[in-house]
Amino acid sequence: MIRIAVVSGKGGTGKTVVTAALADLIPGSLVLADCDVDAANLSLVIPHEMKSARPYFGMQCAEIDTETCTGCGACRAYCRFDAIEETENGLKVNPLLCEGCAVCELVCPERAVTMKPRMAGEIYASSTSRGPLSHARLFPGAGTSGLLVQEVKQAALSSSGEMPLMLIDGPPGIGCPAMATLSGMDAVIIVTEPSISAVHDLRRLVEVCRGFQVRLFLVINRADLDPEMTASIREYCADENISVLGTIPFDPAVLSAVRAGKPVTGGSSPAALALCEVRDALCAALGVTE
Ligand code: SF4
Ligand code: SF4
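So, here is what we can say about the structure in this document. Predicted model only: the values in this text are computed from it and were never measured.

With that settled, the discussion passes to the nonpolar core. Among the nonpolar cores identified, the biggest contains 39 residues, and Leu148, Val188, Ile190, Cys209, Leu216 and Leu218 are the most heavily contacted of them. When residues no more than four places from it in sequence are discounted, the contact partners of Leu218 are Ile190, Thr192, Leu202, Ile233, Cys237, Ile242, Ser243, Val244, Leu245 and Gly246. One finds Ile4, Ala20, Leu32 and Leu42 within the second-largest nonpolar core, a separate group that totals 37 residues.

See the structure below:
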């Protein structure tokens, strides 16, 4: 199986638009995963049918048994996240601050602290016309997005059967979810745009990707908005030996497609035609025929 992740140095570059279009255009069956778990939206632009949902348990949360607690304060003194608060009913753990480190459980002389599982989101299995889609929702304020990415990837792999290709919509940036996404990939497509902040973040992301020894590709979205900067991105890619799959022009058809909840494919708009060229270049580079 060829595993491809589409990522970006920063949000808003059009990464999901490119992923959805490639999912629609690449020949043959494939398994899809949305690993941008903090802002999952691939399912908004790929028609799908949800088949199942299951809870995701992230880090644990401490709970204090007020009957057993003597109020010695050791847990509070050792909690470096200030998650244990004094209330009129005794000490309570603030679940929004608790990082699940279990130090309080360790130091409690009365064994009054228990670590409890905490539901932090949901993992969904859906079907699309191209193949199965694994996606998730992380509850607001819940951490461990990197762990959830691993679970989404694992669920996608379990549903993939003999499928020859896996396509992931990855997160923006270089944080924990990005690391979890990049791990195990064969190829990474970075989507960028000609803006100072995007180019800055692109360089950081390329450095991170080098550590994963993946084949690197680039797509420049809205390239016509700043031809000079687009040319300098191309020069940078040539220096870094990164293959530019293509450029996508600014095109109102993209917004229309996103509003309609479908990929930017099938028409003769400039963006749709450019995305076909990106698909062709990718398939030729990876030897994908069907
Ligand atoms: S588990 Fe860690 S973060 Fe949570 S209350 Fe206990 S010491 Fe604090
Ligand atoms: S360490 Fe244990 S006994 Fe002491 S205040 Fe905390 S929960 Fe209560």
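This brings us to the site of ligand 1. Lining the immediate environment of ligand 1, one finds 13 residues, of which Cys79, Cys98, Cys101, Ala102 and Cys104 sit closest. Per-class residue counts for the shell around ligand 1 are 11 nonpolar, one polar and one charged.

This part is about the side chain of Thr13. By the element assignment, Thr13 lies in the loop between β1 (2-8) and α1 (15-25). On the accessibility criterion, Thr13 (2% relative accessible area) is buried. In terms of polar contacts, Thr13 uses its side chain to reach the backbone carbonyl oxygen of Val191, at 3.2 Å. For Thr13, the residues in contact, after removing those within four places along its chain, are Ser8, Val191, Thr192, Glu193, Asn221 and Arg222.

Around ligand 2, 14 residues are found, and the nearest of them are Cys69, Cys72, Gly73, Cys75 and Cys108. Across the shell around ligand 2, the residue classes break down as 10 nonpolar, three polar and one charged.

Positive phi is not limited to glycine here, since Ala102 has a value of about 70°. Assignment of secondary structure puts Ala102 in the loop between β6 (90-93) and α4 (103-107). One non-glycine residue with positive phi stands out, namely Asn241, at about 60°. As for its placement among the helices and strands, Asn241 is situated in the loop between α8 (227-240) and β13 (243-248). Taking relative accessible area as the criterion, Asn241 reaches 69% and is therefore assigned exposed.

Let us look at the environment of Thr247. Locating Thr247 in the fold gives a position in strand β13. The partly exposed category is assigned to Thr247, whose relative accessible area is 28%. Taking the C-alpha atoms as reference points, Thr247 and Cys104, separated by 143 residues in sequence, lie 53 Å from one another. Excluding its chain neighbours within four sequence positions, the residues that come into contact with Thr247 are Ile220, Ala223, Thr230, Arg234 and Ala274.

Calculation rules
Residues numbered from 1 in each chain as written. Chains lettered and ligands numbered in written order. Predicted model: local features only at pLDDT ≥ 70, side-chain atom pairs only at ≥ 80, totals over all residues. Heavy atoms only, no water. Core = buried A, V, L, I, M, F, W, Y, C linked by side-chain atoms within 4.5 Å. Buried < 20%, exposed > 50% of the residue type's maximum accessible area, 1.4 Å probe, protein only. Contact = heavy atoms within 4.5 Å. Near = heavy atom within 4 Å. Nonpolar A, V, L, I, M, F, W, Y, C, P; charged D, E, K, R; others polar. Helix = DSSP H or I, 4+ residues; strand = E, 2+ residues; numbered from the N terminus. Polar contact = N/O pair within 3.5 Å; in protein donor to acceptor, adjacent residues only side chain to side chain.

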